[in-house]
There are 4 protein chains.
Amino acid sequence: MSATRYTYLGPAGTFTEAALHTLPEAATRELVPLSSVALALDAVRGGEASGAFVPIENSVEGAVTATNDELASGAPLMIYREVLLPIAFALLVRPGTELAGIKTVTSHPVAQPQVRRWLAANLPDAVWESAASNADGARLVSEGRYDAAFAGEFAAPIYGLDPLVKDIADARSATTRFVLVGRPGRISSATGADKTSMVVWLPDDHPGALLELLQEFAVRGINLMRIESRPTGEGLGNYCFLIDCEGHLSERRVGEAMMGLKRICPQVRFLGSYPRADRQPSTGRRPGTSDADFTAASDWLSRCLDGRADA
Amino acid sequence: MSATRYTYLGPAGTFTEAALHTLPEAATRELVPLSSVALALDAVRGGEASGAFVPIENSVEGAVTATNDELASGAPLMIYREVLLPIAFALLVRPGTELAGIKTVTSHPVAQPQVRRWLAANLPDAVWESAASNADGARLVSEGRYDAAFAGEFAAPIYGLDPLVKDIADARSATTRFVLVGRPGRISSATGADKTSMVVWLPDDHPGALLELLQEFAVRGINLMRIESRPTGEGLGNYCFLIDCEGHLSERRVGEAMMGLKRICPQVRFLGSYPRADRQPSTGRRPGTSDADFTAASDWLSRCLDGRADA
Amino acid sequence: MSATRYTYLGPAGTFTEAALHTLPEAATRELVPLSSVALALDAVRGGEASGAFVPIENSVEGAVTATNDELASGAPLMIYREVLLPIAFALLVRPGTELAGIKTVTSHPVAQPQVRRWLAANLPDAVWESAASNADGARLVSEGRYDAAFAGEFAAPIYGLDPLVKDIADARSATTRFVLVGRPGRISSATGADKTSMVVWLPDDHPGALLELLQEFAVRGINLMRIESRPTGEGLGNYCFLIDCEGHLSERRVGEAMMGLKRICPQVRFLGSYPRADRQPSTGRRPGTSDADFTAASDWLSRCLDGRADA
Amino acid sequence: MSATRYTYLGPAGTFTEAALHTLPEAATRELVPLSSVALALDAVRGGEASGAFVPIENSVEGAVTATNDELASGAPLMIYREVLLPIAFALLVRPGTELAGIKTVTSHPVAQPQVRRWLAANLPDAVWESAASNADGARLVSEGRYDAAFAGEFAAPIYGLDPLVKDIADARSATTRFVLVGRPGRISSATGADKTSMVVWLPDDHPGALLELLQEFAVRGINLMRIESRPTGEGLGNYCFLIDCEGHLSERRVGEAMMGLKRICPQVRFLGSYPRADRQPSTGRRPGTSDADFTAASDWLSRCLDGRADA
């Protein structure tokens, strides 16, 4: 039963649910909204669900710290898929409401920086109040508590509202990145456009440690895509780093870099290798970093050890 | 008038206010609580206050993104002081309330991970609800809405409450770091135990840029104390970095590193050099990085150019 | 008197003399051949000559160790000019000698690897013997001691010989680099295509020292053109490095790198900045390394210290 | 027959022969002096000898370029052993000669810098002339051509001479390093105090290539013991590097570094892993670089790929 269940950060009617529906397998899963990232992931850890779908990063707001912290601590989890969803808000109102009649607006606080300029230009006198989620804001509008809510347009029919204005987005290309998380398991095969995620703890009292860590990637020609520091909880100045790099763990260059990290860091947590949502293969790949190059070098090493090396 | 006014992240009775009072000059300032970091800093930008006192980082929760984002964008600001405050919660109740009688508790959501274990052990059946701030939670207890609030012990007298339990802190050494922010001005003199903060944007499409950036510090023997990535708002994958390094901008090694960053990065925002709250001088300082070493090398360079070099 | 005298590695009739004549000022100097690099340089150190012209490097034979060692020790000297001379040998014989009649050939040992293949193909049975210099070999041929000598074609008239075969050179583009050395003095102005030479001693017992040394150049975007290790005489495993880098000491990037070396190394000996003989400006110059970039960064630093920084 | 024959740089009576006799197996070999490094090594290449014993480096004179160049080009060879021999000269004379009667002295030119100071102090008026080898100088003394020769004390009985003065050595700890070279074959087992030698060609037109090459060692915590540049013969500015690093090719850290070089460099020639003559194990070894660390990291990688990683 649990194998067919996915939890997600609810409630229904949010961008998270919209993003989840872009996954083909979502059509055949029981989708269960939960009220926090921690609850969604705990359901996976506990075996009540096979996957949890949660936001991890937003191009305007930055990292979703709850997701990062859950991935970095507790029972291990792995990322199996990522989804990128452009974020544009609609202004949802009860049927019949006009712009001039809007005195109060609501939405999740995260939405505010993305609609601030639109609000200042179009509803300068409206009073803004926080809601627990964008979907919850829509519900409160349908109940008459506020006049309008910023939410995804897809939330309108759920709550019997009308999208009075669509495509509101202050920031160009506002996008949220979501991940499908499961218990550790065999990683899927490389697609040629993959991403690998991990959490790395730095050696104590070693000022150049971050530089050394980055050199493990650089010396194998691997580009970093994201690096996010999080406190370890051991006091100010102690951080771990969530890192996304290009490539798949089964690629030799990535495997060797990960082993390098494992050797020099007190702890490394592998969070998965999965297809990049943008499907872009690595660009500007450094010569000598393909699997074929690694295999050729490995063969050469064997010949050296045997006294049969050419050159 | 504004020269004697400091804004801070309110309301009164929070850890922020308690930290602010550790600054000697706070005694002679008008202290104005405001409801958000943005409002507190905007008052400084607008000239209505000479300083704003806000949290920037917590050893359990991590960066305060609102503060980081405000420092990284908008009219420039600078950090002039930092304060470290150990965070321990008291359970505040109306006089007469006993532990057994507590059915509902409240506090700011940030407090929750730091009291979770205590709650589970001592009040496993109590219902927790979020408040807008710890002080606000205390107010709601005094109004009878909840039975108990987690807040700083100092908030008890303000709201006529009693600290039923003190020193509740799940995480060892939970600490919040606060900064006093002002408009750009002359930085204070070096104390020998200083910290320098900045925001750095990476060159576009340049995979090794973060490594090069760190090497500008490493080659001058400067340790990093914090590195925090934030989205630039230009789409996923575009980050700027808030960096704290040891040392003072007036030190030659720091000045040279900052000029190096300025040359290779599209944008660098200097956020100030100020005394370290822990008063610890740099440890493990690399030979050849003192101001005297820089001056000696500079003199030698002049002699080389003049054809008078020894050796 | 000594101001108009140049010594050079003699005797007359060698490639060194031919290279010296490519310097315009050679026409107005008294040119004095001496029998070793050490003697030629000692004459400069002692004030008997204002310049010494000596080979420093050959594209086939490598470094001229005597020159490197003299520059690295003793009273300081500086390089003021470099000359590149393509090396091609002629087979010099007494008038009337034919190829079939040549039983013995001679030349300086350095010439041997550059004519070995020609000898094997054309005079497989000839016996080769060493001479103290190519010119000396020519002299010995003129005296009848050997049948033929490999030397520069220009040596033929000096010794009354005929160039029986010209342009003998096994290695493609065999070239020798010569330098004009003088006592330390003001360096000439930058030309836009300059080279800077130095000797650098590594810190003791510091395995990564060479890497750190190279990073002082890399972080300022300076390309190395030559790096040559020489023993310090303190026992096996102790080396100093003769380094040529692109650029002129008066360029900010070069000056800063040199100061960096001066700070981290126990000893640095500046050997001069002088025009590149190939007149090639630096290629692939990294953004942010021009003098204008340094000046802009320096101005920005001043504004930061004054609290007037933009951005 | 050839399996029991070792060639060496002759003639007999030189330091090379003395060093060769420190190898236990020398007692059971036919030892054949040849007149040049090239001839000694060609005998190995051609199968007429199983080993060639030649000097490679001297703590005063630096690299023996003939040996380096032979190892870097032609049919591949490998180093199987190294020997360090302290170099101290004796002044050899015909029986009866006294110091006051010495008008002419001779030796190989390499000896001159190591006895210069002694000569100036003790025989300021003696005329010095070069000999083809120290042993040849001794022979010429025995024939009456010169009055005295600087050579190893061990050469005295061979030529019927007396060591008039012993232990002459200007430079503290003058030492020559010799290597036993053979055709490529299985390398001997690691002893725990080993050295690995190689020749590396840099990628064309890639200014930072040397830095990248050194980082392949640094990232695996491997100390370099020697780096020597040699021209490739492709024109000035084109070098290859002879490198000695600590460790044995069968060590994982060394093997991985060598594979890294093989991938990024157009050519790498493995010259062997052999016991260090000083028998010193690696000092200051970086954590995470032992074979056990590599194996642990490799096991962890397998578990990650299988979805069974801990942490």
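Treat the numbers as computed from the prediction; the structure is a model and nothing was measured.

Asker: In this structure, what is going on with the overall build of chain A? I would like to understand it.
Answerer: Across its full length, chain A holds nine helices and 15 strands. By its C-alpha atoms, chain A is 85 × 45 × 40 Å across when sized along the principal axes. Counting over 311 residues, chain A shows a buried share of 54%. Counted over contacts in chain A with a minimum sequence separation of 6, partners at least 24 positions apart contribute 76%. Of the roughly 12000 Å² of accessible surface on chain A, 52% is carried by carbon and sulfur atoms. Both charge centroids of chain A, one from 30 positive and one from 37 negative side chains, sit 3 Å from each other.

Asker: Teacher, can you tell me more about the relation of the copies chain A and chain D here?
Answerer: Each of the two chain copies can be brought onto the other by rotation about an axis and movement along it. Mapping chain A onto chain D leaves a residual RMSD of 0.1 Å; the transformation is a rotation of 180 degrees accompanied by 0.0 Å of translation along its axis. A rotation of that kind, with that shift, is consistent with a two-fold axis. Of the C-alpha atoms belonging to chain A, the one lying closest to the rotation axis is found on Val219(A), 3.9 Å away.

Asker: Hey, could you run me through helix 2 (residues 37-45) of chain D in this one?
Answerer: Helical periodicity: at 3.6 residues per turn, an α-helix aligns residues three or four positions apart in one direction. Residue and element names in this part refer to chain D. Of the residues making up helix 2, those classed as buried are Val-37, Ala-40, Leu-41, Ala-43, Val-44 and Arg-45. Lining the buried residues of helix 2 we find strand 1 (5-9), strand 2 (30-34), strand 3 (51-58), helix 3 (65-72) and strand 11 (175-182). Positive backbone phi, approximately 90 degrees, marks Gly-47, located one or two places after helix 2.

Asker: Would you explain unusual backbone geometry in this entry?
Answerer: Residue and element names in this part refer to chain B. With an omega of 5 degrees, the peptide bond running from Gly-10 to Pro-11 counts as cis. Note that Pro-11 resides in the loop between strand 1 (5-9) and helix 1 (15-20). For Arg-279, which is not a glycine, the phi torsion comes out positive at approximately 55 degrees. Summarising the element assignment, Arg-279 is placed in the loop between strand 15 (267-275) and helix 9 (291-306).

Asker: For this particular structure, what's the right way to read the pattern of salt bridges?
Answerer: Pairing between side chains of opposite charge can happen when the charged atoms of each approach one another. Counted according to the given criterion, the structure contains 100 salt bridges over all chains. The closest approach of N and O atoms between Arg220(A) and Glu256(A), which form a salt bridge, is 2.8 Å. A residue pair is termed long-range when its members are at least 10 positions apart, and Arg220(A) in the loop between helix 7 (209-218) and strand 13 (224-231) and Glu256(A) in helix 8 (residues 252-264) qualify at 36 residues. Taking the relative accessible area as the measure of exposure, Arg220(A) reaches 0% and is therefore buried. Among the ionic pairs, Arg139(D) bridges to Asp136(D), the shortest N-O distance being 2.7 Å. One end of the pair is Arg139(D) and the other is Asp136(D), both in helix 5 (residues 134-142) and three residues apart, which spans about a single turn. Assessed through its relative accessible area of 30%, Arg139(D) is described here as partly exposed. One network of salt bridges, with partners in common, ties together Glu57(A), Glu82(A), Arg177(A), Lys195(A), Arg226(A), Glu228(A) and Asp244(A).

Asker: Would you mind showing me how to read the side chain of Ser229(A) here?
Answerer: One can find Ser229(A) in strand 13. Reaching out from Ser229(A), the side chain makes a polar contact with the side chain of Glu228(B) at a distance of 3.2 Å. In this structure Ser229(A) touches Tyr239(A), Cys240(A), Phe241(A), Ile227(B) and Glu228(B), once residues within four positions along its chain are discounted.

Asker: Before we go on, may I ask you to explain the confidence of the model for chain A in this structure?
Answerer: Close reading of the predicted structure is inappropriate where its pLDDT is low. Taken over all residues, the pLDDT of chain A has a mean of 92, while the share at 70 or more is 98%. Predicted complex metrics record ipTM = 0.90 and pTM = 0.91.

Asker: Even after reading the chapter, I still don't get the packing of aromatic side chains, so can you show me in this structure?
Answerer: By the definition in use, this model includes 16 aromatic pairs over all chains. Consider the rings of Phe53(B) and Phe178(B), whose centres lie 5.6 Å apart with planes at 10 degrees: the pair is stacked. Note that Phe53(B) is positioned in strand 3 (residues 51-58) and Phe178(B) in strand 11 (residues 175-182), a separation of 125 residues in sequence. Arg263(A) extends its terminal NZ or CZ atom over the ring of Phe294(D), reaching a point 3.6 Å from the ring centre.

Asker: Whenever I open this one, the domain arrangement of chain A confuses me. Can you help?
Answerer: Reports often express the size of an interface as the amount of accessible area lost when the parts come together. For chain A, the assigned domains are domain 1 (89-168) and domain 2 (186-311). Once you take the C-alpha centre of each, domain 1 of chain A and domain 2 of chain A turn out to be 44 Å apart.

Asker: Help me understand the UniProt feature "site: Essential for prephenate dehydratase activity" (unreviewed entry) in chain A in this model?
Answerer: Sites flagged by UniProt as "site: Essential for prephenate dehydratase activity" (unreviewed entry) map to Thr176(A). Look at Thr176(A) and you get buried, because its relative accessible area is 7%. Excluding residues that lie within four positions of it along the chain, Thr176(A) makes contacts with Pro55(A), Glu57(A), Asn58(A), Val83(A), Leu84(A), Leu85(A), Ile87(A) and Leu236(B). A polar contact is formed between the side chain of Thr176(A) and the side chain of Asn58(A), at a distance of 2.5 Å.

Asker: Any chance you could explain the interface of chain A and chain D here in plain terms?
Answerer: Contact residues are listed per partner, giving 37 residues for chain A and 37 residues for chain D. Counting the surface lost from both chain A and chain D, the interface buries some 3500 Å², and carbon and sulfur atoms represent 63% of this. At the level of secondary structure, the elements contributing two or more residues to the side of chain A that touches chain D comprise helix 7, helix 8, strand 15 (267-275) and helix 9 (291-306) of chain A. A per-element tally of the side of chain A that touches chain D places helix 9 of chain A first, with nine residues. Within the side of chain A that touches chain D, the residues separate by chemical class into 18 nonpolar, eight polar and eleven charged.

Asker: Explain the sheet that holds strand 15 of chain A to me, please; I cannot follow it from the model alone.
Answerer: Working definition: the strands of a sheet are paired by backbone hydrogen bonds and lie parallel or antiparallel to each other. All names here are of chain A. One open sheet holds the four strands; their spatial order is 13-14-12-15, and the pairing between them is antiparallel. Two strands in the sheet have a free side with no partner beyond their single neighbour: strand 13 and strand 15. With strand direction ignored, the average angle separating the axes of adjacent strands in the sheet is 15 degrees. Bridge analysis of strand 13 against strand 14 (residues 239-246) gives seven bridges, and the strand direction is antiparallel. Its bridge partner lying in strand 14, Ile-227 is registered against Ile-243.

Asker: What is the right way to look at the sheet that holds strand 12 (residues 194-201) of chain B in this model?
Answerer: Residues and elements named next belong to chain B. Read from one edge to the other, the open sheet built from four strands follows the order 13-14-12-15, with strand pairing classed as antiparallel. Each having just a single partner strand, strand 13 (224-231) and strand 15 make up the two edges of the open sheet. Neighbouring strand axes in the sheet, compared pairwise and without regard to direction, differ in orientation by 15 degrees on average.

Asker: It is not clear to me how the packing of helix 7 (residues 209-218) of chain B against helix 8 (residues 252-264) of chain B should be interpreted in this structure. Could you clarify?
Answerer: Pairs of packed helices are described in terms of their axes, by the angle between the two and the distance that separates them. Residue and element names in this part refer to chain B. Two numbers describe how helix 7 lies on helix 8: the axes approach to 8 Å, and their chain directions differ by 160 degrees. Accordingly, the angle class assigned to the pair helix 7 and helix 8 is roughly antiparallel. In the crossing of helix 7 with helix 8, the sense of the turn from one axis to the other is right-handed. Between helix 7 and helix 8, the residues in contact are Glu-212, Leu-213, Glu-216 and Phe-217 and Ala-257, Gly-260, Leu-261 and Ile-264, respectively. Residue composition of the contact of helix 7 with helix 8, by class: five nonpolar, one polar and two charged.

Asker: How should I be thinking about the packing of helix 9 of chain A against helix 8 (residues 252-264) of chain D in this particular structure?
Answerer: With their axes 9 Å apart at the nearest point, helix 9 of chain A and helix 8 of chain D run at an angle of 125 degrees to one another. Regarding the angle of helix 9 of chain A to helix 8 of chain D, the classification is oblique. The chirality of how helix 9 of chain A crosses helix 8 of chain D is right-handed. Together, Asp293(A), Phe294(A), Ala297(A), Ser298(A), Trp300(A) and Leu301(A) of helix 9 of chain A and Gly255(D), Met258(D), Met259(D), Lys262(D) and Arg263(D) of helix 8 of chain D make up the contact between the two elements. Per-class residue counts for the contact of helix 9 of chain A with helix 8 of chain D are six nonpolar, two polar and three charged.

Asker: So what exactly am I meant to see when it comes to the pairing of strand 7 (residues 104-107) of chain C here?
Answerer: Moving residue by residue along a regular strand, the side chains alternate between the two faces of the sheet. Residues and elements named next belong to chain C. Sheet topology note: the strand 7/strand 8 (residues 127-130) ladder contains four bridges and is parallel. Considered in strand 8, the bridge of Thr-104 is made with Val-127. A crossover links strand 7 with its parallel partner strand 8, the connecting element being helix 4 (residues 112-122), and its sense is right-handed. Strand direction decides the pairing type here: strand 7 and strand 9 (residues 148-151), joined by two bridges, are parallel. Within the sheet, the bridge partner assigned to Val-105 lies in strand 9 and is Ala-148.

Asker: How should I be thinking about the environment of Val110(A) in this particular structure?
Answerer: By the secondary structure assignment, Val110(A) is in the loop between strand 7 (104-107) and helix 4 (112-122). Separated by 104 residues in sequence, Val110(A) and Tyr6(A) have C-alpha atoms that sit 24 Å apart.

Calculation criteria
- Residues numbered from 1 in each chain as written.
- Chains lettered and ligands numbered in written order.
- Predicted model: local features only at pLDDT ≥ 70, side-chain atom pairs only at ≥ 80, totals over all residues.
- Heavy atoms only, no water.
- Helix = DSSP H or I, 4+ residues; strand = E, 2+ residues; numbered from the N terminus.
- Buried < 20%, exposed > 50% of the residue type's maximum accessible area, 1.4 Å probe, protein only.
- Contact = heavy atoms within 4.5 Å.
- Areas by Shrake-Rupley, 256 points an atom, 1.4 Å probe, with all protein chains shown as cover.
- Lys, Arg positive; Asp, Glu negative; His and termini not counted.
- Charge placed at Lys NZ, Arg CZ, Asp CG, Glu CD.
- Least-squares fit on C-alpha atoms with pLDDT ≥ 70 in both.
- Salt bridge = Lys/Arg side-chain N within 4 Å of Asp/Glu carboxyl O.
- Polar contact = N/O pair within 3.5 Å; in protein donor to acceptor, adjacent residues only side chain to side chain.
- pLDDT = per-residue confidence, 0-100.
- Phe/Tyr/Trp six-rings, centres within 6.5 Å; stacked < 30°, edge-to-face > 60°.
- Lys NZ or Arg CZ within 6 Å of the ring centre and 35° of its normal.
- Domains from an automatic or database assignment.
- UniProt positions renumbered as here; feature names shortened; annotations may be inferred.
- Buried area = accessible area lost by both parts, 1.4 Å probe.
- Nonpolar A, V, L, I, M, F, W, Y, C, P; charged D, E, K, R; others polar.
- Pairing = 2+ DSSP bridges.
- Axes fitted to C-alpha atoms, helices over the stretch in contact; angles between N-to-C directions.
- Parallel < 35°, antiparallel > 145°, perpendicular 65-115°, else oblique.
- Left-handed = near helix turned anticlockwise from the far one by under 90°.
- Right-handed = clockwise from strand over helix to strand, strands pointing away.

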